[in-house]
Amino acid sequence: MVARVITVDPFDIVVFGATGDLAKRKLLPALYERDLAGQIPPDARIIGVSRRPMSRGEFQELARDSVEDRDGIDTIEAQRLARFLDRVDYVAVDAVSDEGWTDLKARLSEGGDRVRVFYLAVGPDLFDDICSRIGAHGLVTPQSRVVVEKPVGKNLASARKVNEAVGRVFPEDSIFRIDHYLGKETVQNLMALRFANALFEPVWNNAHIDHVQITVAESIGTAGRAGYYDTAGALRDMVQNHILQLLCLVAMEPPVSMDADAVRDEKLKVLKALVPIDERSAPHLTVRGQYRSGASAGGAVPGYLEELGSPESDTETFVALRAEIANWRWAGVPFYLRTGKRLPSRVSEIVVAFRPIPHSVFDGQAGPIMANRLVIRLQPDEGVKLWLMIKDPGPGGMRLQHVPLDMSFAEAFGVRNPDAYERLLMDVVRGNQTLFMRRDEVEAAWKWIDPILEAWRNSHEPPKPYTAGTWGPSASIALIERDGRTWMDD
Ligand code: BG6
């Protein structure tokens, strides 16, 4: 099957932090892929911006390296790459002074009134400076949009400050707060599964669903980002954004349409209905861990503190939570959430565990009857599995087996799964905010996270150690087993 490609309008994208990790690993390769697919019109431009003085040719070399180094691609067509590099330009601009801004303005004015995207691939401490200079130098046009990378703040108060700073220059409908999990193919499939099939909606509630598990496991450690990570930790880095967004998509009411605000209104209601976790409940409902040295991906790996190069840190690299949503649909259904670094494998999935049958008509020979479950696998091997009970084939009586109806997207469709950034960047150009977070969503998520952070701070308990390459501290297993349930592997 060939993916359908609709060319977007001509645009200029200005990438602040153009020599940084995100631009190199994600943004430039994603733009290259879209160019290769024919989605980017011939005169679109990519303007790298950072403080470092650099010629256009030098930046083109950097862009070439980032395209050639990306994962999973072994052939690059020289001609296509040359065409892509032709779009790439560079302007040295200082975010915290007025240096370089008139050059940037001149370069942008060559593009006329086309779509203008300002991508802030920089730390949040620079958002205010950059946005106010974009405003002061008159770079905002009616067709301008700004893309803000996470983390949007470190807590509710700082998130508000960031939102206010960006909002002073850009109206909310041109602010794109990116959560790259929303651009993942299977995450969008979750919406297709729920709202394009009549099958699930009638059973998608507390009468039929026993509980939900969301796991985002990584086998890597801090991957050279220990400095940033130590100021964040797993709760801020993964739960406040990616995992809560997944939870919202599982739990939200059907939106009236796929219109951005219709979807975001429903997600917001879920965030507001999350039962607060406070100092009293945090010890029972949360587990935080930190990895020690161990073995991962086949080799010995250092512990978090060694990676950090510091003998002391209370930053969690693992978190497990038991969340509840206080509304008619979900009251009484626990949502178990867990994420961590240096776990045994990279796997992200959502398990919707249905209630057991009310009564068995089979005799003991049939074996145990397991409850149905729907597993939505985000990565790797994107797909959906529906676990059912069926009869063991052949003669010999009625014996039952638990087996999955298994749909692997790679096998079913045979197309390359685009990186989340490819989809999201094109949505920014199109001005479609459905897969981006609105200000009130981000703030509602922090409002739920803040008391957990505070409870941890006040408890003075260090994170529980776990050996790299294991599924986190044993307390995470106890968290779910206390309820008579277990973490499911698939
Ligand atoms: C980022 C986090 O948002 O997501 C990283 O800051 C994490 O710490 C990454 O590694 C995981 O993304 P993915 O797409 O590899 O699952």
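Residues numbered from 1 in each chain as written. Predicted model: local features only at pLDDT ≥ 70, side-chain atom pairs only at ≥ 80, totals over all residues. Heavy atoms only, no water.

This part covers the site of the ligand. In the vicinity of the ligand, the contacting residues are Lys150, His180, Tyr181, Lys184, Glu218, Arg225, Asp237, Met238, His242, Lys341, Arg346 and Gln379. Arg225 has a polar side-chain atom sitting 2.9 Å from an oxygen atom of the ligand. Note that an oxygen atom of the ligand is positioned 2.7 Å from one of the side-chain N or O atoms of Gln379. Relative to its unbound accessible area of 400 Å², the ligand is 84% covered by the protein chains. (Near = heavy atom within 4 Å. Polar contact = N/O pair within 3.5 Å; in protein donor to acceptor, adjacent residues only side chain to side chain. Areas by Shrake-Rupley, 256 points an atom, 1.4 Å probe, with all protein chains shown as cover.)

According to UniProt, the feature "binding site: substrate" (unreviewed entry) maps to His180, Lys184, Glu218, Asp237 and Lys341 in the numbering used here. Along the chain, Lys184 turns up in the loop between β6 (175-177) and α7 (185-195). Excluding its chain neighbours within four sequence positions, the residues that come into contact with Lys184 are Arg346, Gln379 and Ala420. In this fold, Asp237 is placed in helix α9 (residues 234-251). For Asp237, a relative accessible area of 2% gives the class buried. Asp237 has contacts with Lys150, Arg225, Tyr228, Tyr229, Ala232, His242 and Lys341, leaving out every residue within four places of it along the chain. A distance of 3.1 Å separates polar atoms of two side chains, one belonging to Asp237 and the other to Lys150. (UniProt positions renumbered as here; feature names shortened; annotations may be inferred. Helix = DSSP H or I, 4+ residues; strand = E, 2+ residues; numbered from the N terminus. Contact = heavy atoms within 4.5 Å. Buried < 20%, exposed > 50% of the residue type's maximum accessible area, 1.4 Å probe, protein only.)

What follows covers helix α15 (residues 439-459). With 21 residues, α15 extends 31 Å between its outermost C-alpha atoms, agreeing within 8% with the 30 Å of an ideal straight helix rising 1.5 Å per residue. The largest bend in α15 is about 25 degrees, located at Trp448, with the proline Pro451 one to four residues further on. When α15 is considered as a whole, its buried residues turn out to be Glu441, Val442, Glu443, Ala444, Ala445, Trp446, Trp448, Ile449, Ile452, Leu453, Ala455 and Trp456. One or two positions beyond α15, positive phi appears at His460, with a value near 55 degrees. (Expected span 1.5 Å × (residues − 1). Bend = angle between axes of the 7 residues up to and from the residue.)

Glancing now at the sheet that holds strand β4 (residues 115-120). A sheet is described by the order of its strands in space; here 6 strands give the open sequence β3-β2-β1-β4-β5-β6, paired in parallel fashion. Whereas interior strands pair on both sides, the edge strands pair on one side only; in this sheet they are β3 (88-92) and β6. Put simply, the sheet's adjacent strands are angled 20 degrees from each other on average, direction ignored. Looking at chain direction, strand β1 (residues 11-16) and β4 are connected through 6 bridges and run parallel. Of the residues in β4, the one forming a bridge with Phe11 is Val115. Helix α1 (residues 21-36) contacts β1, β2 (45-50) and β4 of the sheet and is inclined by roughly 170 degrees relative to β1. (Pairing = 2+ DSSP bridges. Axes fitted to C-alpha atoms, helices over the stretch in contact; angles between N-to-C directions.)

On to the pairing of strand β8 (residues 286-292). Burial analysis of β8 places 6 of its 7 residues in the buried class, which makes it a mostly covered element. Direction of pairing for β8 relative to strand β11 (residues 318-323): antiparallel, over a ladder of 4 bridges. In the strand pairing of β11, Val287 is matched with Ala320. Pairing of β8 with strand β17 (residues 464-467) involves 4 bridges; the strand directions are parallel.

Here the focus is the UniProt feature "binding site: NADP(+)" (unreviewed entry) in the chain. UniProt feature "binding site: NADP(+)" (unreviewed entry): in the numbering of this structure it lies at Gly17, Ala18, Thr19, Gly20, Asp21, Leu22, Ala23, Lys24, Arg51 and Lys150. Among the residues just listed, Lys150 line the largest cavity. Of note, Asp21 is situated in helix α1. Ignoring any residue separated from it by four or fewer positions in sequence, one finds Leu22 in contact with Leu27, Tyr119, Ala121, Glu149 and Tyr421. (1 Å grid on protein atoms, 1.4 Å probe; cavity = no way out; pocket = protein on both sides within 12 Å on 5 of 7 lines; lining within 4 Å.)

To continue, consider the sheet that holds strand β14 (residues 373-379). Two strands in a sheet stick together by hydrogen bonds in their backbones, pointing the same way (parallel) or opposite ways (antiparallel). Read from one edge of the open sheet, 9 strands run β16-β15-β14-β13-β7-β12-β11-β8-β17, paired in mixed fashion. Whereas interior strands pair on both sides, the edge strands pair on one side only; in this sheet they are β16 (400-408) and β17. Strand after strand, the sheet turns through a mean of 20 degrees between neighbouring axes, direction not considered. Across the sheet, α7 is in contact with β13 (347-354), β14 and β15 (383-391); its angle to β14 comes to roughly 150 degrees.

Glancing now at the nonpolar core. Membership of the largest hydrophobic core comes to 146 residues, with the highest contact counts inside it found for Phe16, Leu104, Tyr119, Phe335, Ile350 and Leu374. Among residues more than four places away in sequence, those in contact with Leu104 are Val14, Phe16, Ile47, Val49, Val91, Val93 and Leu139. Counting 5 residues, the second-largest nonpolar core is a separate cluster that includes Ala353, Val375, Trp387 and Met488. (Core = buried A, V, L, I, M, F, W, Y, C linked by side-chain atoms within 4.5 Å.)

Each pair of packed helices gets described by two things: the angle between the helix axes and the distance between those axes. Relative orientation of the contacting elements helix α2 (residues 56-69) and helix α3 (residues 78-86) amounts to 135 degrees, with a least axis distance of 10 Å. Here α2 lies oblique to α3, going by the angle between them. Considering how the two elements wind past one another, α2 and α3 form a crossing that is right-handed. Contacts from Arg56, Gln60, Ala63, Arg64, Val67 and Glu68 in α2 reach Leu81, Phe84, Leu85 and Asp86 in α3. Of the residues that constitute the contact of α2 with α3, the class distribution is 5 nonpolar, 1 polar and 4 charged. (Parallel < 35°, antiparallel > 145°, perpendicular 65-115°, else oblique. Left-handed = near helix turned anticlockwise from the far one by under 90°. Nonpolar A, V, L, I, M, F, W, Y, C, P; charged D, E, K, R; others polar.)

On to the pattern of salt bridges. As enumerated under the stated definition, the model contains 41 salt bridges in all. Of the charged contacts in the structure, one is a salt bridge between Arg114 and Asp43, with a shortest N-O distance of 3.3 Å. Residue Arg114 is located in the loop between α4 (101-109) and β4, and its partner Asp43 is located in the loop between α1 and β2; the two are separated by 71 residues in the primary sequence. Residue Glu266 pairs with Lys269 through a salt bridge whose shortest N-O separation is 3.2 Å. Here Lys269 and Glu266 lie together in helix α10 (residues 260-273), a separation of 3 residues that amounts to about one turn. Under the relative-accessibility criterion, Glu266 is labelled buried at 11%. (Salt bridge = Lys/Arg side-chain N within 4 Å of Asp/Glu carboxyl O.)

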